[in-house]
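# Commentary on secondary and tertiary structure
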Amino acid sequence: MPRNPQLNANGELQHLLSIEGLPRELIAKILDTAESFAGVTERDIKKVPLLRGKSVFNLFFEGSTRTRTTFEIAAKRLSADVINLNVAASSTSKGESLLDTVANLSAMQADIFVVRHGSSGAPYLISRHVKPHEHVVNAGDGRHAHPTQGLLDLYTIRHYKKDFSNLVVAIVGDVLHSRVARSLIHGLTTLGVPEVRVIGPQTLIPTGAAALGVRVFHAMAEGLKDADVVVMLRLQSERMSGALLPSAQEFNKHYGLTAEKLARARPDAIVMHPGPMNRGVEIDSAVADGPHSVILPQVTFGIAVRMAVMSMVAGGA
Amino acid sequence: MKLLVKGGRVVDPASGRDAVGDVAIEDGRFVESAAGKPDRVLDAKGLVVAPGLVDLAARLREPGYEYKATLESEMEAAAAGGVTSLAIPPDTDPPLDEPGLVDMLRRRAEALLLAHVYPVGALTVKLEGRQLTEMAELAEAGCVAFSQADAPVVDTQVLWRAMQYAATFGYPVWLRAEDPWLAKGGVAHDGEVATRMGLAGIPAFAETVALGALLELVRATGARLHVCRVSSAAGVAMLRRARHDGLPITCDVGIHHVHLSDLDLGYFDSQCRLAPPLRSARDRDALAAGLADGTIDCLVSDHTPVDEDGKHLPFAEAEPGATGLELLLPLALKWGMQRKLSLAQTLARVTLAPARILGAQAGRIAPGAPADLVVFDPEAPFRVSASTLRSQGKNSPFLGVELAGRVRATLVAGRVVYEA
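Numbers given for residues are sequential positions, taken from 1 along each chain in its written order. Each chain gets a letter, beginning with A, and each ligand a number, beginning with 1, in the order they are written. In keeping with the predicted nature of the model, local features appear solely for residues at pLDDT of at least 70, side-chain atom pairs appear and are counted solely at 80 or more, and the whole-chain, interface and lining totals rest on all residues.

Now for unusual backbone geometry. Residue and element names in this part refer to chain B. Cis geometry marks the peptide bond from Asp-93 to Pro-94, where omega comes out at 0°. Numbering of helices and strands runs from the N terminus; a helix is a DSSP stretch of H or I covering at least four residues, while a strand is a stretch of E covering at least two. Structurally, Pro-94 is set in the loop between strand 7 (83–88) and helix 2 (99–111). For the bond from Ala-275 to Pro-276, the omega torsion is -5°, close enough to zero to count as cis. Checked against the element boundaries, Pro-276 lands in the loop between strand 14 (249–254) and helix 8 (281–293).

With that out of the way, let us pick up the confidence of the model for chain B. Per-residue confidence from the predictor is reported as pLDDT, which spans 0 to 100. Summing up the model confidence of chain B, the mean pLDDT is 97 and the portion of residues at 70 or higher is 100%. Interface confidence for the predicted complex, expressed as ipTM, amounts to 0.94; the pTM equals 0.95.

A separate point is the sheet that holds strand 3 (residues 112–117) of chain A. Residues and elements named next belong to chain A. Here, any two strands with at least 2 DSSP bridges between them count as paired. Here we have 4 strands laid out as an open sheet, ordered 2-1-3-4, and parallel in their pairing. Of all strands in the sheet, those with a lone pairing partner are strand 2 (81–85) and strand 4 (135–141), marking the two edges. Averaged over all adjacent pairs, the angle separating strand axes in this sheet is 15°, with direction ignored. As paired elements, strand 1 (residues 55–60) and strand 2 share 5 bridges and run parallel to each other. Counterpart to Ser-55 in the pairing with strand 2 is Asp-81. To get an axis, a line is fitted to the C-alpha atoms, and for a helix only the part in contact is used. The angle between two axes follows their N-to-C directions and goes from 0 to 180 degrees.

This part takes up the environment of His-177 of chain A. Residue and element names in this part refer to chain A. Residue placement: His-177 occurs in the loop between strand 5 (168–172) and helix 6 (179–190). Placed 59 residues apart in sequence, His-177 and Gln-236 show a C-alpha to C-alpha distance of 9.1 Å. For every residue pair, C-beta atoms are placed from the backbone, and the pair is scored as a contact if these atoms sit within 7 Å. Sequence-distant contacts of His-177, defined by excluding residues within four places in its chain, comprise Arg-143, Gln-236 and Arg-239.

All names here are of chain B. With parallel pairing, 8 strands are arranged side by side in an open sheet as 6-7-8-9-10-13-14-15. If you trace the sheet from one side to the other, it starts and ends with strand 6 (53–55) and strand 15 (298–300), each paired once. The sheet shows a mean angle of 25° between the axes of neighbouring strands, direction not considered. As paired elements, strand 6 and strand 7 share 3 bridges and run parallel to each other. Considered in strand 7, the bridge of Asp-55 is made with Leu-86.

Residue and element names in this part refer to chain A. If you check the domain split of chain A, you get domain 1 (24–145 + 299–314) and domain 2 (147–298). Here domain 1 and domain 2 have C-alpha centroids that lie 26 Å from each other. Taken together, the elements giving at least two residues each to the side of domain 1 that touches domain 2 come down to helix 1 (24–42), strand 4 and helix 11 (295–314). Per element, the largest residue contribution to the side of domain 1 that touches domain 2 is 7 residues, and it comes from helix 11. For the side of domain 1 that touches domain 2, the class distribution of residues is 11 nonpolar, 6 polar and 5 charged. A domain assignment, automatic or from a database, supplies the domain bounds used here. Three classes are used, and their members are as follows: Ala, Val, Leu, Ile, Met, Phe, Trp, Tyr, Cys and Pro are nonpolar, Asp, Glu, Lys and Arg are charged, and the others, Gly among them, are polar.

Residues and elements named next belong to chain B. Any residue whose C-beta has 12 or fewer other C-beta atoms within 10 Å is treated as exposed, any with 20 or more as buried, and any in between as partly exposed, C-beta atoms being built from the backbone. Here strand 10 (residues 173–176) shows a buried face lined by Val-173 and Leu-175 and a second buried face lined by Trp-174 and Arg-176. Bridging between strand 9 (residues 145–147) and strand 10 involves 2 bridges; their strand directions are parallel. Bridge pairing in strand 10 links Phe-146 to Val-173. Here strand 10 runs beside strand 13 (residues 225–228); their pairing, made up of 4 bridges, is parallel. Following the sheet pairing, Val-173 is matched in strand 13 by Leu-225.

Bringing the environment of Phe-164 of chain A into the picture now. Mapping Phe-164 of chain A onto the fold places it in the loop between helix 5 (147–161) and strand 5. The sequence separation of Phe-164 of chain A and Asp-226 of chain A amounts to 62 residues, and the corresponding C-alpha distance is 15 Å.

Shown next, in the form of structure tokens:
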């Protein structure tokens, strides 16, 4: 098997493609760096010059407003130039190949490609074809990984719980299709969280999930018991009724997070969600807006985490 | 024309011969011993002399996919790989569903005089799984069997009737066992690796569910079924039971599936995007064992040249398949070494056994048989690389890997078609 493609020969971050395979110290360093940027985002002048003169290309082959925007804000706060490309609507529809698109943008002097693609592994393909000074940051590929989301989730957990070594984290819902869940699971297991649980019907739990280092539960009452952290996953509307689930209502009945179900978790449990939320499907408003919810702070932390990642791959930080 | 292949280690799985000696050829056929002075002597000292390889699945990409490969390029690859007989699956464009097309392909291929070709006709028109092809006409044009290649027959009523019809005339049916619904959208073996990589899975039971249906249809129709590219341990176990029950079935496995597993996907290596998918290490071991114990009759290259554009894509979007004609011999040797088999036992899986399934007079060194021969150095190493492959398809999971077994000469009907 070839060397981990996201680390350079010195073990530093060359690209960020997946949390899987990142050494524990490196994850901690990203989180520490993000913490140092958290101050920046609260200042009047929200800029540091770490990426001045560098170009960040937001290359989104799949639509996303939120993730793209947070990357854009993060890059601008690092003083980089940001170019947003909605590739889904332009070149690929004219038949240009993924690698041609990247080669063309590379000729326009990119430093960082922030890539979102519907196909698992696409950022790996791109990373094999970019120049040595160019860096790829995965902003979500298929069902595979969404490492900056995973890192911001880790950041959020660390912020509220301080220590990973004694936690029970429950991830609820459509684990099968979730890159968010995969990235978070790798992060949690790498950081030594003793119990990571996934909760959902068999149809939404992937084959051999236990091999990821998680305990599989099908009932919320058991899965949420004494949890310190509850992570609700987004259920895509196209999966709400069909062969995987009979209806959104039935999913909500069993797996939607209500105050009543949440009472099974620890009294100081935090509730997270990667957004955008389907209120009344995977999460009730009373919980989403309630005292346990840290969903909005997640968004804020996301900017600092993305600043950390981009500065570490391209800024020599 | 008289030819003498002199002083090699002659290995003939059919007769069990494995001894240093000469092989005499006259007018394109093997003869007992050379009468008079040969026109040419091929020195095979220190080399193995064996029947030319027979490959039951080699896509030559014509007609329709000439940008991926041509008859010329692929038959040269066959010659370089020591493959002297090959069966061509019907998934060309248009598919081999018309006698005229089959006739043209066969004539064009045979005119190159590089290998014997055996077209496999489409079982249904356009491989769509709806209407039966004119099997008798296709057989007359040279089709040796009928197949769907990788295309499913979704409608089991059609599958039943197709097998009945083929059985009526004694035509063999070659099919892959894969339930199209269970496999829908999948690109990798449904297991821990696909889960980790976020790739949509094809469960092993997509194979066994389909195989169960095929075996029942064999029982019902008496069709002669050849199961192509078995891929799972559970599939091998089912085939073992079915053969034990005396069903008229045979089967093959691809060269990649006895050596590789889903772990080889590494970081989304699209060279490992194959159909059927590479399954778990346990499945791979069961396939290698099944090939050794005779549950699986033969090893095939499943040669599928794909151009760079087809592989320079994210894993799920990449075109499945790998080039294989030039790797069939070295990968068979590697498998035989791992299973601690004799050279004759190893070579039987790529000569005698597939020749029997084809019903061809190939795969043996016997007086009167066509003089198809491969002369090779079983220990000579080489590194698989795009520049050394003659196939137009440079796509292989083995790129960069060192293998042993180099072909020094290939003879088809007594003609030297390759020498190195």
